[in-house]
Amino acid sequence: MSTFKQHSILPGFNLALGFTLLYLSLIVLIPLSAAFIRTAELTWPEFWTIVTAPRVMASYRLTFGASFAAAMVNAFFGLLVAWVLVRYHFIGKRIIDALVDLPFALPTAVAGIALTALYAGNGWIGQFLEPMGIKVAFTPLGIFVALTFIGLPFVVRTVQPVLEDIEAELEEAAATLGANRWQTFSRVIFPALFPALMTGFALAFARAIGEYGSVIFIAGNMPMVSEITPLLIITKLEQYDYAGATALSVVMLVISFILLLIINLLQWWSRRRSSKT
Amino acid sequence: MTAMTFPLPAGTRIQRATQEPTWVRWFLIGLALVFLTLFLFIPLISVFYEAFKKGVEVYLAAITDPDAVSAIQLTLTVAAIAVPLNLVFGVAAAWAIAKFEFRGKNLLITLIDLPFSVSPVVSGLIYVLVFGLQGWFGPWLAEHDMKIIFAVPGIVLATVFVTVPFIARELIPLMQAQGTEEEEAAVVLGASGWQTFYKVTLPNIKWGLLYGAILCNARAMGEFGAVSVVSGHIRGSTNTMPLHVEILYNEYNFAAAFAVASLLALLALVTLVLKTLIELRIKQRHTPRGFE
Amino acid sequence: MSIEVLNLSKHFGTFTALHEVSLQVESGELLALLGPSGSGKTTLLRVIAGLETADSGQVLFHGEDATDQHVRERQVGFVFQHYALFRNMTIFENVAFGLRVRPKKFRPSNAEIRDRVMKLLHLVQLDWLADRYPHQLSGGQRQRIALARALAVEPKVLLLDEPFGALDAKVRKELRSWLRRLHDDMHITSVFVTHDQEEALEVADRVVVMNEGRIEQIGTPDEVYEQPASPFVYEFLGNVNLFHSRLHRGHAWIGDIAVAAPEHAEAEEMTAIAYVRPHEIEVERVQNGEAAMAALVVHILSVGPIVRLELVRKNDEDITPIQVEISKERFRELQLAKGDEVFIKPRRLDLFPHQHEQAANSI
């Protein structure tokens, strides 16, 4: 134990760390472990049957597909918004900068009903799309729209600080060497932003996978078509299928942990890439 | 030297070396604004539009409805419990992590962040597994006539779970950047542990603390998925505002649903304003001292 | 290729960075822009490069107006103080960058690029680092790579912004003599910015001394050091002693010693400031006939072959110590010790009549 903690004259370490660990255990770790322990009561074939049932597989495809598409769109537009906010001056920039965090602050249920109202056939946006044969509300496309909304701030907020820190000299050096703006962006700026962009993408993707509140209103929730995995967990729970709900939640948890690991690695990479030496 | 100048003819001024042509700039700004308008501004405005579509009277009736009032009360109660709990946790965790060196610190930081990466639905479910009728403590709780799931305690627990990281993750980097010198100086000068915390540490972190608390509060009041699983949706009793919005919406009472939703949207806007003000404040405070 | 700068002015808000600056850089010369921070030297360099646009004035390359040319088209090599190497590229790719971004028509083949880059890396003696990344190199190595990268595009002029500013003293010295030799081999018109007078005097063919957005003096290192054109240049270049003096009919009087000042023959009872370099003061133990100032030795500092003395004039309310430099031999001859009385006399002084006094005081 002597090497566990380095000596310090400051008091309160035992109290602070003890309370932290106790709190985390009671609130986070023990309840989370319940999901794994309850799932362990199932045999492997039982577990496998539950988590690979056709309806479940369809929900994975939808959840991952829509999350991936939404995160991709957010990667592109997030980079664009971050660029515009850092590089250009225009009226209302401050307000827009503050509003980018709206999806973090707005309760998901509110976002869900607002997007549904907008994209329904008679909604502000839906009325223009419907005649073109594009149905958004109550289709997988609606899920994509909702996930794009809730993932919007992630890329902006991870790319923005890195973009602010890029030295102007790098771009000037590229210009003196004859590079045009696009070459400077693609060869000098973009590589420097890339780790942060990937981090933002992964964060938006991870958030989208677990999202529930904003999606269920707009999704339509048809089995095999527009039913996301978190909703399937709720459905099983409402049918008192605790084993099924728990098994699915373990799959979700494992995926979350893997994504968390990837995000940590990406952040480490990003810090290394952008650290000034 | 004679004061002769060669002014550049207007319009031929070369663009700055590392700037895009004007049309590119305006195109990019325009594209970003179109995207933000479609995905941010219109949804936000539509909440208020739908809320008032049937008139102010319908709006007022919706938010003064007894069930709505009870949902507002419950939401405030839940936040009033969850935010202080996570505040104390955040300060304790940040104190241990930022002021001391010990093994396993990075693992601890990751564990604190864990609830962020768990689906809200799963966050609710795990409490059902622990305290529900089929859960570990369910039978014992039933025997003693106590209810956690489908009752207020469950809602509080689920809310605390999803908001655990908010304050800690604001304070940890802030306190790490501030280092330990000031506290060490206080201790050397004879201050006790609590005196050091109140007089030295707390003044240094108060804005970060407030920042985290505001974000934590917004999520606590707005949480839907986790709370939905453990609440049981009992009107007038275990319904929070977001759940009330859902019930009204599913009953096709759109005006009322959006009326309650508009209160939550207002909360989001207030949160953003406060957040921006605190960011400005922190920037002003720290920039002159060369602080990041 | 020559560079000509005509009446350049540049403001940043209310701050005047350049005020009506004109300058001629001869083909093949190595020119130093010397001045304190805020003197406009970096702005001038950046305007020449095309990284900054002047409010008014012209930049001519080889007699042709380049004012409206974009930095990309000016074919200048620019070296930044903090190297500005691309950290996601290897050293090889950094140097190759300027060739790879050329339009297809003008882009050399991969083999040619490889050849040219390796030649340049060889020139800066760092060919063995081709596959490394910038963060694996020392500061001095990075700056040499930055130079190789700038040279890769075969620039017509080379512009260096405080190229040694971020390096420690030893590497700095090595690198600047290396730069001098490199320039002697390549004869590319070069302008470098520095705030270090020693660096400017040691490396450059000509030195441009700048202050508050204006050029104070242009000349060879010897000229600016030996014949400073203004009090500012005097004070900025090396240590200097300042005496209040009186000009009268071809003589400058400091106290009761007179020094011939034939260029001020018609002056009548004018006040002036006299500048005297520390090594241009004679020190004697006894007053041998001529008028001399009596002073006390208050401090002795021996640095290598030179001894620095700090003296205080006797019978004078002015307590600013006088700096004197003498050789070690002379010091031994005089057998000086702290507290000794000595007699001093300026061997040579430069006079700036009174209208300059305010400028001198404000420095």
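Since we're looking at a predicted model, the values are computed, not measured. (Residues numbered from 1 in each chain as written. Chains lettered and ligands numbered in written order. Predicted model: local features only at pLDDT ≥ 70, side-chain atom pairs only at ≥ 80, totals over all residues. Heavy atoms only, no water.)

If you tally the helices and strands in chain B, you get 13 helices and 0 strands. What you see in chain B, going N to C, is helices and strands ordered as α-α-α-α-α-α-α-α-α-α-α-α-α. Burial status across chain B gives 51% buried among its 292 residues. Long-range pairs, those at least 24 residues apart, make up 72% of the contacts in chain B between residues at least 6 apart in sequence. Approximately 13500 Å² of chain B is accessible, and the part contributed by carbon and sulfur atoms is 65%. Looking at chain B, you have 19 positive and 19 negative side-chain charges, and the mean spots of the two groups are 10 Å apart. (Helix = DSSP H or I, 4+ residues; strand = E, 2+ residues; numbered from the N terminus. Buried < 20%, exposed > 50% of the residue type's maximum accessible area, 1.4 Å probe, protein only. Contact = heavy atoms within 4.5 Å. Areas by Shrake-Rupley, 256 points an atom, 1.4 Å probe, with all protein chains shown as cover. Lys, Arg positive; Asp, Glu negative; His and termini not counted. Charge placed at Lys NZ, Arg CZ, Asp CG, Glu CD.)

The next subject is the interface of chain B and chain A. Every contact between the two is made by 91 residues of chain B and, on the other side, 88 residues of chain A. Between chain B and chain A lies a buried interface of about 8000 Å² when both sides are counted; carbon and sulfur atoms form 81% of it. One can count 2 salt bridges joining chain B with chain A. For the salt bridge of arginine 181 of chain A with glutamate 20 of chain B, the shortest nitrogen-to-oxygen distance reads 2.8 Å. Taken together, chain B and chain A are joined by 11 residue pairs in polar contact (both at pLDDT 80 or more). With 20 residues, helix H1 (residues 22-52) of chain B is the single largest residue contributor to the side of chain B that touches chain A. Within the side of chain B that touches chain A, the residues separate by chemical class into 65 nonpolar, 16 polar and 10 charged. (Buried area = accessible area lost by both parts, 1.4 Å probe. Salt bridge = Lys/Arg side-chain N within 4 Å of Asp/Glu carboxyl O. Polar contact = N/O pair within 3.5 Å; in protein donor to acceptor, adjacent residues only side chain to side chain. Nonpolar A, V, L, I, M, F, W, Y, C, P; charged D, E, K, R; others polar.)

Turning our attention to the interface of chain A and chain C. At the junction of the two partners, chain A supplies 22 residues and chain C supplies 23 residues. Interface of chain A and chain C: buried area, both sides summed, is about 2100 Å²; carbon and sulfur atoms make up 60% of it. At the junction of chain A with chain C, the criterion picks out 2 salt bridges. Notably, a salt bridge pairs arginine 87 of chain C with glutamate 167 of chain A, separated by 3.2 Å at the nearest N-O pair.

The nonpolar side chains of a soluble globular protein tend to be buried, and buried together. Within the largest apolar cluster, 241 residues are counted, with the highest numbers of intra-cluster contacts made by Tyr119 of chain A together with Leu44 of chain C. Leaving out residues up to four positions away in the same chain, tyrosine 119 of chain A has contacts with Ile125, Gly126, Leu129, Val136, Ala137, Val145 and Ile218 of chain A together with Leu38 of chain B. Counting 47 residues, the second-largest nonpolar core is a separate cluster that includes Leu30, Ala32, Trp178 and Val233 of chain C. (Core = buried A, V, L, I, M, F, W, Y, C linked by side-chain atoms within 4.5 Å.)

Before going further, it helps to spend a moment on the sheet that holds strand S16 (residues 293-303) of chain C. Residues and elements named next belong to chain C. Taken in spatial order, the 5 strands make up an open sheet running S15-S19-S16-S17-S18, and their pairing is antiparallel. Among the strands making up the open sheet, the edge pair consists of strand S15 (281-284) and strand S18 (322-327). Strand-to-strand, the axes of this sheet are offset by a mean angle of 45°, without reference to chain direction. (Pairing = 2+ DSSP bridges. Axes fitted to C-alpha atoms, helices over the stretch in contact; angles between N-to-C directions.)

Attention now moves to the pairing of strand S3 (residues 30-34) of chain C. All names here are of chain C. In terms of burial, S3 is a largely internal element, 5 of the 5 residues being buried. Residues Leu30, Ala32 and Leu34 point to one face of S3 and Leu31 and Leu33 to the other, with burial holding for every one of them. Pairing of S3 with strand S8 (residues 189-194), which is carried by 5 bridges, proceeds in the parallel orientation. For leucine 30, the partnering residue across the bridge sits in S8 and is serine 190. Both S3 and strand S9 (residues 206-211) contribute to a ladder of 4 bridges, which runs parallel. Within S9, the position partnered with leucine 31 by the bridge is arginine 206.

So, on to a nonpolar patch on the surface. A surface patch of nonpolar side chains, amounting to about 560 Å² of accessible area, comprises Leu22, Leu26, Ile30 and Ile37 of chain A together with Trp136 and Phe137 of chain B. In this structure, tryptophan 136 of chain B sits in the loop between helix H5 (120-131) and helix H6 (138-143). Judged by its relative accessible area of 33%, tryptophan 136 of chain B falls in the partly exposed class. (Patch = residues over 30% accessible without salt bridge, like charges linked within 9 Å, V, L, I, M, F, W, Y side chains within 5 Å.)

A separate point is the confidence of the model for chain B. Predicted coordinates in areas of low pLDDT are best not read in detail. Residue and element names in this part refer to chain B. Put simply, chain B has an average pLDDT of 87, and 91% of its residues get 70 or more. Note that pLDDT drops below 50 for residues 1-15; the model gives that stretch 30 contacts with residues more than four away or on any other chain. The low-confidence segment residues 287-292, where pLDDT is below 50, has 4 contacts with residues more than four positions distant or belonging to other chains. (pLDDT = per-residue confidence, 0-100.)

Take the sheet that holds strand S5 (residues 64-65) of chain C next. All names here are of chain C. With antiparallel pairing, the 4 strands of this open sheet are ordered in space as S2-S1-S4-S5. The strands lining the two open edges of the sheet, one partner per strand, are strand S2 (15-25) and S5. Alignment of strand S4 (residues 56-61) against S5, held across 2 bridges, turns out to be antiparallel. Note that in S5 the partner of phenylalanine 61 across the bridge is glutamate 64.

As enumerated under the stated definition, the model contains 41 salt bridges over all chains in all. The salt bridge involving arginine 207 of chain A is made with glutamate 211 of chain A; its shortest N-O contact spans 3.1 Å. Note on glutamate 211 of chain A: relative accessible area 2%, which makes it buried. The salt bridge partner of aspartate 184 of chain C is arginine 180 of chain C, with a shortest N-O separation of 2.7 Å. Here aspartate 184 of chain C pairs with arginine 180 of chain C, and both are found in helix H5 (residues 169-186), just 4 residues apart, close to one helical turn. On the basis of relative accessible area, aspartate 184 of chain C is assigned to the partly exposed category, the value being 37%.

Our focus in this paragraph is the packing of aromatic side chains. The full count for this structure, using the stated rule, is 41 aromatic pairs over all chains. Ring centres 5.4 Å apart and planes at 85° place the aromatic pair phenylalanine 217 of chain A and tyrosine 249 of chain B in the edge-to-face group. Taken together, the positions of phenylalanine 217 of chain A in helix H11 (residues 213-219) and tyrosine 249 of chain B in helix H12 (residues 241-250) put the pair across two chains. Here phenylalanine 217 of chain A matches tyrosine 249 of chain B in class, with each residue buried. Aromatic rings pair up to connect Phe13 of chain A together with Trp95, Phe100, Phe102, Trp194, Phe197 and Tyr198 of chain B into one cluster. Lying over the aromatic face of tryptophan 83 of chain A, arginine 87 of chain A brings its terminal NZ or CZ to 4.7 Å of the ring centre. For the cation-ring pair, arginine 149 of chain C lies above phenylalanine 86 of chain C, with the distance from its terminal atom to the ring centre recorded as 4.6 Å. (Phe/Tyr/Trp six-rings, centres within 6.5 Å; stacked < 30°, edge-to-face > 60°. Lys NZ or Arg CZ within 6 Å of the ring centre and 35° of its normal.)

A few words now on the confidence of the model for chain C. Across chain C, the average pLDDT comes to 87, with 96% of residues at or above 70. Here residues 356-363 of chain C is a poorly scored stretch, pLDDT under 50, and it has 10 contacts once near neighbours within four places are set aside; other chains count.

Running from N to C, helix H1 (residues 13-40) of chain A and helix H7 (residues 152-163) of chain B cross one another at 100°; their axes reach a closest spacing of 10 Å. The angle between H1 of chain A and H7 of chain B falls in the class roughly perpendicular. Contact residues: H1 of chain A offers Tyr23, Ile27, Val28 and Leu32 of chain A, while H7 of chain B offers Leu157, Val160 and Phe161 of chain B. (Parallel < 35°, antiparallel > 145°, perpendicular 65-115°, else oblique.)

With that settled, the discussion passes to the pairing of strand S10 (residues 214-219) of chain C. Residue and element names in this part refer to chain C. Here S9 runs beside S10; their pairing, made up of 5 bridges, is antiparallel. Note that in S10 the partner of valine 208 across the bridge is isoleucine 218. Count of turn residues in the S9/S10 antiparallel hairpin: 2 residues, of which glutamate 212 carries a positive phi of about 50°.

Residues and elements named next belong to chain B. Take threonine 201: it is sitting in helix H10 (residues 193-222). Relative accessible area serves as the criterion here: at 1%, threonine 201 is assigned to the buried category. Ignoring anything within four residues of it in the chain, the contact list for threonine 201 reads Trp95, Met175, Glu183 and Thr196.

Residues and elements named next belong to chain C. Under the 1.5 Å per step criterion, the end-to-end length of helix H3 (residues 110-123) is 20 Å for 14 residues, consistent within 8% with the ideal 20 Å. Listed as buried for H3 are Ile113, Val117, Leu120 and Leu121. One face of H3 carries all of its buried residues, which in axial projection span an arc of 100°. The outward face of H3, more than 90 degrees from its buried face, is lined by the exposed residues Ala111, Lys119 and His122. For H3, the secondary structure elements touched by its buried residues are helix H2 (91-100) and helix H4 (139-152). (Expected span 1.5 Å × (residues − 1). Arc of directions from axis to C-beta.)

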